[in-house]
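An overview of the molecular structure
This is what each chain is made of:
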Amino acid sequence: MCTTKAHTHVQFKLTNHPRTSRVHIIVQVPPKIVNISSSVSVNEGSNVTLMCLAIGRPEPTVTWHHVSPSVAAGRRTGPKSQDRGASQASGRDFVEDEYIEITGITKKQAGEYQCTAYNEVSDPDVRKVEVIVNYPPFIPDTKNVGVAVGREGILQCEAAAVPPPDFEWYKEDRRLLNGLHGIQIKSNEDRSVLTFFNVSEEDYGNYTCVAVNKLGISNTSVLLFEVSEPTSSTQIQDRGAVITGNNNASGGMTASLWLLVILFVHFLFKF
């Protein structure tokens, strides 16, 4: 007796009367992803196509899933069929197709995309692709700060951007440098803090925080103003004005023309 097992059970039995028989054997093959797009870095607004090809028997089903958005997911719409069989990812959690197309990608659509190939034979084959979306700095509303003479004053500036922005601080037309004139500037990937250890009369005034990367520039005005000696250690803060690269302000203050010219020239030479 000779037995062959390939997810179906077939037997050949030898007898005293030889004869010829035909047997159709179906071999089942687990799913395997054989070609997938590489991780990609694109600018916001670009079109992105991801591909995931798989083999197996029965033919595997391929799905795409946005598993780790880098920003809280916004409102999304369903996929649409494309002429060449791709699916439109205007933001659904998953798309059943070998191709996924993202038109006018936004920062909310950045992150990991997972391709899964599965059939009924074994566990699915899973691969992931990282999509990085670059965008210019955006500075949300800042807060003006009131502090008494001789106290410590802290101005903060936050910005979202990919790649992370560089921060600069100005007072009027003068750029401030860390460690000079009793100030400290500490910056990380999304925040810059300007600290006055001993506020004097000369420190009061309007300050400009600038965030810049290779895609653009944004700036905000923050006011350090004088108050009477506070009754608690809490500083007085109110809403400030935000000025973006298109020179729109959310408050009543606007950037001086000379500062915008300086920042524009600085941006051109930096990149």
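Everything discussed here concerns the structure shown above.
A few points on the structure. (Residues numbered from 1 in each chain as written. Predicted model: local features only at pLDDT ≥ 70, side-chain atom pairs only at ≥ 80, totals over all residues. Heavy atoms only, no water.)

1. Topic: the overall build of the protein
Quick reminder of the rule: Every helix listed is a DSSP run of H or I at least four residues long, and every strand listed is a run of E at least two residues long, numbered separately from the N terminus. Remark: exposure states derive from per-residue accessible area (1.4 Å probe, protein chains only) relative to the maximum for the residue type, with buried under 20%, exposed over 50%, and partly exposed in between. The contact rule is simple, with two residues in contact once any of their heavy atoms fall within 4.5 Å. Where accessible areas are quoted, they stem from the Shrake-Rupley method and a 1.4 Å probe; at the residue level, only the protein chains shown are allowed to cover.
In terms of regular secondary structure, the protein is built from 1 helix and 22 strands. Here the protein holds 271 residues, and the buried ones make up 35% of them. Pairs at least 24 residues apart make up 62% of the contacts formed inside the protein by residues separated by at least 6 positions. Carbon together with sulfur atoms contributes 50% to the accessible area of the protein, which is approximately 16200 Å² in total.

2. Some points on the environment of Asp203
Of note, Asp203 is situated in the loop between strand 18 (191-196) and strand 19 (205-213). You can call Asp203 buried: its relative accessible area is 14%. C-alpha of Asp203 to C-alpha of Leu224: the two residues are 21 residues apart in sequence and 7.6 Å apart in space. Discounting residues that sit within four places of it in the chain, Asp203 has contacts with Lys171, Phe196, Asn198 and Leu224.

3. What about the pattern of salt bridges?
Quick note on the threshold: Think of a salt bridge as a Lys or Arg side-chain nitrogen and an Asp or Glu carboxyl oxygen that are within 4 Å of each other.
One pass over the full model with this rule turns up 4 salt bridges. Residue Glu44 is joined to Lys107 by a salt bridge in which the shortest nitrogen-to-oxygen separation is 3.3 Å. Taken together, the residues Glu44 in the loop between strand 4 (40-43) and strand 5 (48-57) and Lys107 in the loop between strand 9 (99-102) and strand 10 (111-118) connect sequence positions 63 residues apart. Glu44 gets classed as partly exposed once you look at its relative accessible area, which sits at 32%. Between Arg175 and Glu168 there is a salt bridge, with the nearest N and O atoms lying 3.7 Å from each other. Overall, Arg175 belongs to the partly exposed group, its relative accessible area being 41%.

4. Remarks on unusual backbone geometry
The omega torsion across Arg57 and Pro58 is 0°, close enough to zero to call that bond cis. Among the structural elements, Pro58 can be located in the loop between strand 5 and strand 6 (61-69). Cis geometry marks the peptide bond from Val162 to Pro163; its omega dihedral reads -5°. Within the secondary structure, Pro163 sits in the loop between strand 14 (160-162) and strand 15 (166-171). With phi around 55°, Glu172 is a residue other than glycine that occupies positive phi space.

5. Some details on a nonpolar patch on the surface
Short version of the rule: Two joining distances apply to patches: 9 Å for like charges and 5 Å for nonpolar side chains (Val, Leu, Ile, Met, Phe, Trp, Tyr), and every residue must have over 30% relative accessible area and no salt bridge.
On the surface, Val23, Ile25, Val27 and Val29 cluster together to form a nonpolar patch covering roughly 280 Å² of accessible area. Take Val29: it is sitting in strand 3 (residues 29-36).

6. Focus: the side chain of Gln114
Basically, it comes down to this: Definition of a polar contact: a pair of N or O atoms within 3.5 Å, with one able to donate and the other able to accept a hydrogen when the atoms are protein atoms, and with sequence-neighbouring residues admitted only if both atoms are side-chain atoms.
With respect to the secondary-structure elements, Gln114 resides in strand 10. Looking at Gln114, its side chain comes within polar contact range of the side chain of Thr116, at 3.4 Å. Among residues more than four places away in sequence, those in contact with Gln114 are Thr63, Trp64, His65, Val67, Val126, Arg127 and Lys128.

7. Considering the sheet that holds strand 18
Our working rule: At least two DSSP bridges between two strands are needed for those strands to be called paired. Every axis in this analysis is a line fitted to C-alpha atoms, fitted for helices over the stretch in contact. Angles between the N-to-C directions lie between 0 and 180 degrees.
On the basis of which strands lie adjacent, the open sheet formed by 3 strands has the order 13-18-17 and antiparallel pairing. Of all the strands in the sheet, the pair left with one neighbour each is strand 13 (153-158) and strand 17 (183-187). For this sheet, the mean angle separating the axes of adjacent strands, direction not counted, is 15°. Across 5 bridges, strand 17 lies against strand 18 in antiparallel orientation. Looking at strand 18, one finds that Gln184 is bridged to Thr195.

8. Side note on the state of the cysteines
Under the convention used in this document: Pairs of cysteine sulfur atoms within 2.5 Å are identified as disulfides in what follows.
Per the counting criterion, the structure on display carries 2 disulfides. Sulfur-sulfur distance for the disulfide between Cys52 and Cys115 comes to 1.8 Å. Between Cys52 and Cys115, the disulfide has an S-S torsion of -80° and is therefore left-handed. Here Cys115 lies in strand 10 and Cys52 lies in strand 5, a separation of 63 residues in the sequence. In this structure Cys115 comes out as buried when scored by relative accessible area, which is 0%. Disulfide partner of Cys157: Cys209, at an S-S distance of 2.2 Å. Note on the Cys157 and Cys209 pair: the S-S dihedral is about -80°, so by sign convention the disulfide is left-handed.

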